[in-house]
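Here is how the chains run, residue by residue.
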Amino acid sequence: MSDTISAALSDDHRRCDRLLALVEQAADGGDWTSVGAEAASFHEAMERHFRYEEEVLFPALEARAPMATGPTGVMRMEHTQMRHMLTDLAAAVAGHAADDCLGVLETLHLITQQHNAKEEGILYPMADRALAGEAAGLLAGFTPAP
Amino acid sequence: MVDTTGLSLDQAPPIHLPLRLLLTAPWFAAAAGVVLMSVGEPALVSRWTPTALALTHLITVGFLGQAMCGALLQMLPVIAGAPVPGVRPVAALVHLALAAGAGFLAAGFLGSGGWALALGAAASVLGFGVFLAAVGVALVRARGAPATLGSLRLAGVALIPTLVLGASLVSALLGWVSLPAFATWVDLHLAWGLFGWVGLLIVGVGYQVVPMFHVTPAYPRALTRFLAPLLFAVLVAASVAALAGPGAWAEVAKGLAQGGAALGLSAFALVTLRLQRQRSRRRRDATLPHWWSAMGSLVAAAGAWGLGAPDSLIGVLLLVGVGIGLPSGMLFKIVPFLCWFHLQQRQIATGRFDVRVPHMHGFLPERLTRWQWWLHLGALVTLVAAVAEPRLTLPGGGLLLVASLLLAGLLGNAALRYRHTRALLGQPAMDLAVPEVGQ
């Protein structure tokens, strides 16, 4: 288990990236049962990561460092943006629309990378500093993606 | 106090600014195709022919200049939280000046007279100079991504001797100044431009986008820490040797610059190819093959240099294989992402969630981008062969023309699709002053 907030959540970003890659590969192969399964586990991992940040990490950070409210607000907005894309993905998977599936995944991948870069470059280091004493307790409630 | 400006969603410049550069770039590659076709067999006989010089500047100033400046204006604010000051007038001026610069330089080399060369050089220096002044401010202020920023800063510095040397060379050609050992100065201009400015920019951007686009492991730290400073140091050493005087020192300078660049850049290419083989996103998208052919061309160019192959072969590999190929592949990601991103922002601003914003492949159909790569590869292979068999210059130029027109058409179509969807989304009440994409 990673011992800093940065390390734990950045590792989780990488795992979510790999889950997205698995959906993409399945969609390319056209086996819709496997696409459905991969998409569901990707969706679940992303949602779990968002909820941990929104319900545990961001409130703790905002309480300790009120100036973080601006950045966490932007991050929450981007989570909403990505949730919309995940809904589009689910619709494309349900409709067995391979081209849409791949197009949505490509878009979601790039927006996720941009979002992750901001979190890993600015927000997580901020959290590491502001929440140094509480990291272990905060991370105890975090379930990483498979 | 923690600086949080990098988290702002408003860091990206208005879409029409980078797009006007990115959408203009392919037309200069198309122009290079037309020149190859109209000059035909003598075009690639030597790197010193007027045609070769015209082709080189159409590709480096026209295509690469527009594509690199457009992409950097977009990328810097996003990756480094560093907005480019005065981005609107800067983008407009850089766009026009580089277009005029490439056009007049090519016309001048192809025989339109000294006035065209002078005008072309002045416009190119103006365009790149203004770009560098504005982006330099952003690069100094930027933070985060140290490997990328380190490379980009050195690339920016390398542009200065490229411009100074280029302007001096044109002045010498026009008889305004005398420049002994003219060929040595040309070699230095080329080394700073191709290996310094373009090479370091590719390296810096690669550090950032190769792991990001295809989910690969990061570049090894030894490489990201030392490669860019070493390449830069080699160029400085080569310049000092050249300044030490003509004769043996000039040869040392040339060998040092070319050998250092060959080793350093092919190491970058080989590491890139290895990282991409370890990628998690196994699917072969439209950008990946362009990276493969460009990195392959880079290694081949270094090998060709080592074996003493003709300069024109190395030129084709570097200019067409890397210089046209790599940015083409990058444009396939950048342009549809920009279209999607800005429309999505517009959708939030207008609240028109009933309008469907297309995903990236809706702007740029993947099947056609694959065709574009095959045409590009065809052009590259044919032009490489044309160095040995000049009769292939005509079909090679034709393929380059078709590949570039398809690239221009695909990007133009993406911009039209953007405009169409934006019209559907309507204008938010407070934001009527944002200009249309006028390309």
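To start, this report covers the structure provided alongside it. Everything quoted here is computed from the prediction, not taken from an experiment.

1. Remarks on the interface of chain B and chain A
In this complex, chain B contributes 26 residues to the contact, which on the side of chain A involves 34 residues. Residue Arg281 of chain B is joined to Glu24 of chain A by a salt bridge in which the shortest nitrogen-to-oxygen separation is 2.5 Å. The tally of links from chain B across to chain A stands at 9 residue pairs in polar contact (both at pLDDT 80 or more). Where the side of chain B that touches chain A is concerned, the elements lending two or more residues are helix 6 (182-214), helix 10 (311-350) and helix 11 (360-363) of chain B. With 6 residues, helix 10 of chain B is the largest single contributor of residues to the side of chain B that touches chain A.

2. So, a nonpolar patch on the surface
A cluster of nonpolar side chains, namely Met77 of chain A together with Ile348 and Phe353 of chain B, defines an oily patch on the protein surface of about 290 Å² accessible area. Within the secondary structure, Phe353 of chain B is located in the loop between helix 10 and helix 11. On the basis of relative accessible area, Phe353 of chain B is assigned to the exposed category, the value being 51%.

3. Side note on the state of the cysteines
A full pass over the atoms with the stated rule returns 0 disulfides over all chains. With no disulfide of its own, Cys16 of chain A has Cys101 of chain A as its nearest cysteine by sulfur position, at a separation of 17 Å. Taking the relative accessible area as the measure of exposure, Cys16 of chain A reaches 4% and is therefore buried. Of all cysteine sulfurs in the structure, the one in Cys69 of chain B sits closest to Cys339 of chain B, which takes part in no disulfide; the separation is 20 Å.

4. Focus: the packing of aromatic side chains
Aromatic ring pairs: the centre-centre distance and the angle between the two ring planes describe each pair. Residue and element names in this part refer to chain B. Counted under the stated rule, the structure contains 11 aromatic pairs over all chains. Note on Trp192 and Phe232: the rings are 5.5 Å apart at their centroids and 75 degrees apart in plane angle, and the pair reads as edge-to-face. Of this pair, Trp192 sits in helix 6 while Phe232 sits in helix 7 (residues 221-243); the two residues are 40 residues apart in sequence, bridging distant segments of the chain. Accessibility assignment for this pair places Trp192 and Phe232 in one class, buried. Relative to Phe268, the ring of Tyr219 has its centre 5.5 Å away and its plane inclined at 5 degrees; by these criteria the two rings are stacked. Linking Tyr219 in the loop between helix 6 and helix 7 with Phe268 in helix 8 (residues 248-277), this pair joins segments that are 49 residues apart in sequence. In this arrangement the basic side chain of Lys333 is found over the ring face of Phe213, its NZ or CZ atom lying 5.3 Å from the centre.

5. Points about the pattern of salt bridges
All names here are of chain B. Inspection of the entire model under this criterion finds 22 salt bridges over all chains. Put simply, Asp285 and Lys333 hold a salt bridge, and the shortest N to O gap is 2.6 Å. Taken together, the positions of Asp285 in the loop between helix 8 and helix 9 (287-306) and Lys333 in helix 10 put the pair 48 residues apart, joining distant regions of the chain. Classification of Asp285 by relative accessible area gives buried; the value is 6%. When its relative accessible area of 2% is taken as the criterion, Lys333 is described as buried. We note a salt bridge from Glu366 to Arg370, for which the minimum N-O separation is 3.6 Å. Of this pair, Glu366 and Arg370 both sit in helix 12 (residues 366-388), 4 residues apart, which is roughly one turn of that helix.

6. Points about the nonpolar core
Phe42 of chain A together with Trp197, Phe268 and Trp340 of chain B are the most contacted members of the largest nonpolar core, which totals 166 residues. With near-sequence residues (within four places) excluded, Phe42 of chain A lies in contact with Cys16, Leu19, Leu20, Val23, Leu86, Leu89, Leu105 and Leu108 of chain A. Counting residues in each nonpolar core, the second largest holds 22 residues, with Ile5, Tyr52, Ala65 and Leu138 of chain A among its members.

7. So, the layout of surface pockets
Of the pockets and cavities examined, the largest pocket occupies roughly 1500 Å³. When residues of the lining of the largest pocket are traced back to their parent elements, those giving at least two are helix 1 (5-29) and helix 4 (98-130) of chain A together with helix 2 (50-80), helix 5 (146-173), helix 6, helix 7 and helix 10 of chain B. Among the elements that line the lining of the largest pocket, the one with the most residues is helix 4 of chain A, at 9 residues. Class assignment for the residues of the lining of the largest pocket results in 26 nonpolar, 15 polar and 9 charged.

8. Some thoughts on empty space enclosed by the protein
All names here are of chain B. On inspection of all chains with the given rule, the structure shows 8 cavities of 30 Å³ or more. There is about 280 Å³ of room inside the largest cavity. Elements represented by at least two residues in the lining of the largest cavity include exactly helix 2, helix 6 and helix 10. Considering every element that reaches the lining of the largest cavity, the biggest residue donor is helix 10, with 7 residues. Among the residues making up the lining of the largest cavity, the classes are represented as 18 nonpolar, 2 polar and no charged. Here the second largest cavity defines a volume of roughly 120 Å³. When residues of the lining of the second largest cavity are traced back to their parent elements, those giving at least two are helix 6 and helix 10.

9. Let's talk about the packing of helix 1 (residues 16-39) of chain B against helix 13 (residues 393-425) of chain B
In helix packing, the relevant descriptors are the interaxial angle and the interaxial distance, both defined with respect to the helix axes. Residue and element names in this part refer to chain B. Axis separation between helix 1 and helix 13 bottoms out at 7 Å; the angle between their running directions is 160 degrees. Regarding the angle of helix 1 to helix 13, the classification is roughly antiparallel. Handedness of the crossing formed by helix 1 with helix 13: left-handed. When its residues are assigned to classes, the contact of helix 1 with helix 13 shows 19 nonpolar, 6 polar and no charged.

10. A short note on the packing of helix 2 of chain B against helix 3 (residues 87-112) of chain B
All names here are of chain B. Two elements in contact, helix 2 and helix 3, have axes separated by 7 Å at closest approach and are oriented at 170 degrees. Judged by the angle between their axes, helix 2 and helix 3 are roughly antiparallel. Taking contact as the criterion, the partners of Pro50, Thr51, Leu53, Ala54, His57, Leu58, Val61, Gly62, Gly65, Gln66, Cys69 and Leu73 in helix 2 are, on helix 3, Val87, Ala91, Val94, His95, Leu98, Ala99, Gly101, Ala102, Leu105, Ala106, Phe109 and Leu110. Classifying every residue of the contact of helix 2 with helix 3 gives 17 nonpolar, 7 polar and no charged.

11. A look at helix 2 (residues 32-64) of chain A
If you check helix 2 of chain A, its first and last C-alpha atoms are 46 Å apart, about what 33 residues at 1.5 Å a residue would give, namely 48 Å. Between a side-chain oxygen at the N-terminus of helix 2 of chain A and the backbone nitrogen of Thr33 of chain A the separation is 3.2 Å; the capping residue is Asp31 of chain A.

12. Comments concerning the side chain of His57 of chain B
Within the secondary structure, His57 of chain B is located in helix 2. Leaving out residues up to four positions away in the same chain, His57 of chain B has contacts with Gly62, Ala102, Leu105, Phe109 and His189 of chain B.

13. Quick word on the environment of His359 of chain B
Position of His359 of chain B relative to the elements: it lies in the loop between helix 10 and helix 11. Setting aside anything within four residues of it in sequence, one finds His359 of chain B in contact with Asp99, Asp100, Gly103, Val104 and Thr107 of chain A together with Trp340 of chain B. In this structure the side chain of His359 of chain B is engaged in a polar contact, spanning 2.8 Å, whose partner is the side chain of Asp100 of chain A.

How each quantity is defined
Residues numbered from 1 in each chain as written. Chains lettered and ligands numbered in written order. Predicted model: local features only at pLDDT ≥ 70, side-chain atom pairs only at ≥ 80, totals over all residues. Heavy atoms only, no water. Contact = heavy atoms within 4.5 Å. Salt bridge = Lys/Arg side-chain N within 4 Å of Asp/Glu carboxyl O. Polar contact = N/O pair within 3.5 Å; in protein donor to acceptor, adjacent residues only side chain to side chain. Helix = DSSP H or I, 4+ residues; strand = E, 2+ residues; numbered from the N terminus. Patch = residues over 30% accessible without salt bridge, like charges linked within 9 Å, V, L, I, M, F, W, Y side chains within 5 Å. Areas by Shrake-Rupley, 256 points an atom, 1.4 Å probe, with all protein chains shown as cover. Buried < 20%, exposed > 50% of the residue type's maximum accessible area, 1.4 Å probe, protein only. Disulfide = S-S within 2.5 Å. Phe/Tyr/Trp six-rings, centres within 6.5 Å; stacked < 30°, edge-to-face > 60°. Lys NZ or Arg CZ within 6 Å of the ring centre and 35° of its normal. Core = buried A, V, L, I, M, F, W, Y, C linked by side-chain atoms within 4.5 Å. 1 Å grid on protein atoms, 1.4 Å probe; cavity = no way out; pocket = protein on both sides within 12 Å on 5 of 7 lines; lining within 4 Å. Points joined across faces, edges and corners; volume = space filled by probe spheres on them. Nonpolar A, V, L, I, M, F, W, Y, C, P; charged D, E, K, R; others polar. Axes fitted to C-alpha atoms, helices over the stretch in contact; angles between N-to-C directions. Parallel < 35°, antiparallel > 145°, perpendicular 65-115°, else oblique. Left-handed = near helix turned anticlockwise from the far one by under 90°. Expected span 1.5 Å × (residues − 1).

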